[in-house]
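Here is what each chain is made of, one letter per residue.
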Amino acid sequence: MRTLILNGSPRKEGNTSALVDKIVEKLRAGGIEPTVVSLYDKDIKGCCNCGACQKAVLKDHCTMKDDMARVYEEFLYAETVILASPIYMWQMTPCALAVLNRLHALCQAGDFSYNAMKGKRMAFVSTMGDGVECADSAVTGVMDMCDYFKMDYRGTVRIPCAKRDDILSGKYDETIDSFVSKL
Ligand SMILES: Cc1cc2nc3c(=O)[nH]c(=O)nc-3n(C[C@H](O)[C@H](O)[C@H](O)COP(=O)(O)O)c2cc1C
């Protein structure tokens with residue numbers, strides 16, 4: 001299973017990165033070597049709504065020239081995409097949301113005559129400082145997006161009151177195992 005993990009945390013040694021490390025460990029145990037892309041240090045702007053991708057299928061997917069070019073290629077190659085983000089202000093981080101915005105270029109949403117997102121497995125995992133309900137908006141957004149673009153939503157992991165050491169110590173291993181088994 002070709003698996004892509006998009007990490008929207010700014011912290012390489014933070015809580016979300018620990019969760020990503022755990023997911024990678026579990027995937028590897030199952031014989032899957034995922035590709036992990038850290039989004040925060042990439043130059044990926046939000047959609048500028050030029051409308052070009054909705055009028056024609058563009059060779060490079062998007063008129064904007066930035067690091068999204070690589071993410072498009074990785075995304076199109078993957079069968080399963082896991083988006084990881086800390087919850088900042090009840091939402092995913094701006095870099096994670098910018099990527100979701102830009103995926104719009106992979107579908108002509110008017111008549112769905114082109115939809116490169118269709119059938120892809122998608123999951124969203126997050127860490128947060130407070131309770132799991134803080135991620136409700138972000139999780140619902142990803143589920144709605146999957147529904148609209150005919151992607152196959154495979155679930156979520158939410159780590160409340162997240163502490164990197166807890167995640168790495170195995171406190172959430174059962175939850176993560178269950179998540180990985182459903183991908
Ligand atoms: C700007 C900012 C906003 C945050 N907003 C929330 C929030 O709305 N709800 C919450 O539970 N935690 C919030 N937190 C806490 C983080 O979600 C939490 O510490 C997370 O595990 C950090 O992950 P990271 O180490 O990958 O950055 C916020 C943290 C920051 C820096």
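The structure contained in this document is the topic of the report that follows. (Residues numbered from 1 in each chain as written. Predicted model: local features only at pLDDT ≥ 70, side-chain atom pairs only at ≥ 80, totals over all residues.)

## Quick word on the overall build of the protein
Item 1. For the protein, the count of helices and strands is 7 helices and 5 strands.
Item 2. Secondary structure elements in the protein, listed N-terminal to C-terminal, are β-α-β-α-α-β-α-β-α-β-α-α.
Item 3. In summary, the protein has a C-alpha radius of gyration of 16 Å against a globular reference of 16 Å for 183 residues, a match within 12%.
Item 4. In terms of overall dimensions, the protein has C-alpha extents of about 50 × 35 × 25 Å along its principal axes.
Item 5. By the burial criterion, 37% of the 183 residues in the protein qualify as buried.
Item 6. Looking at the protein alone, contacts between residues at least 24 apart form 76% of all its contacts between residues at least 6 apart. (Helix = DSSP H or I, 4+ residues; strand = E, 2+ residues; numbered from the N terminus. Rg over C-alpha atoms; globule rule 2.2 N^0.38 Å. Buried ≥ 20, exposed ≤ 12 C-beta atoms within 10 Å, placed from the backbone. Contact = placed C-beta atoms within 7 Å.)

## Notes on the site of the ligand
Item 1. Near the ligand there are 17 residues, and of these Ser 9, Gly 14, Thr 16, Pro 86 and Gly 129 occur at the shortest range.
Item 2. Here the shell around the ligand takes 3 residues from helix H1 (residues 15-29), the largest share from any one element. (Near = placed C-beta within 6 Å.)

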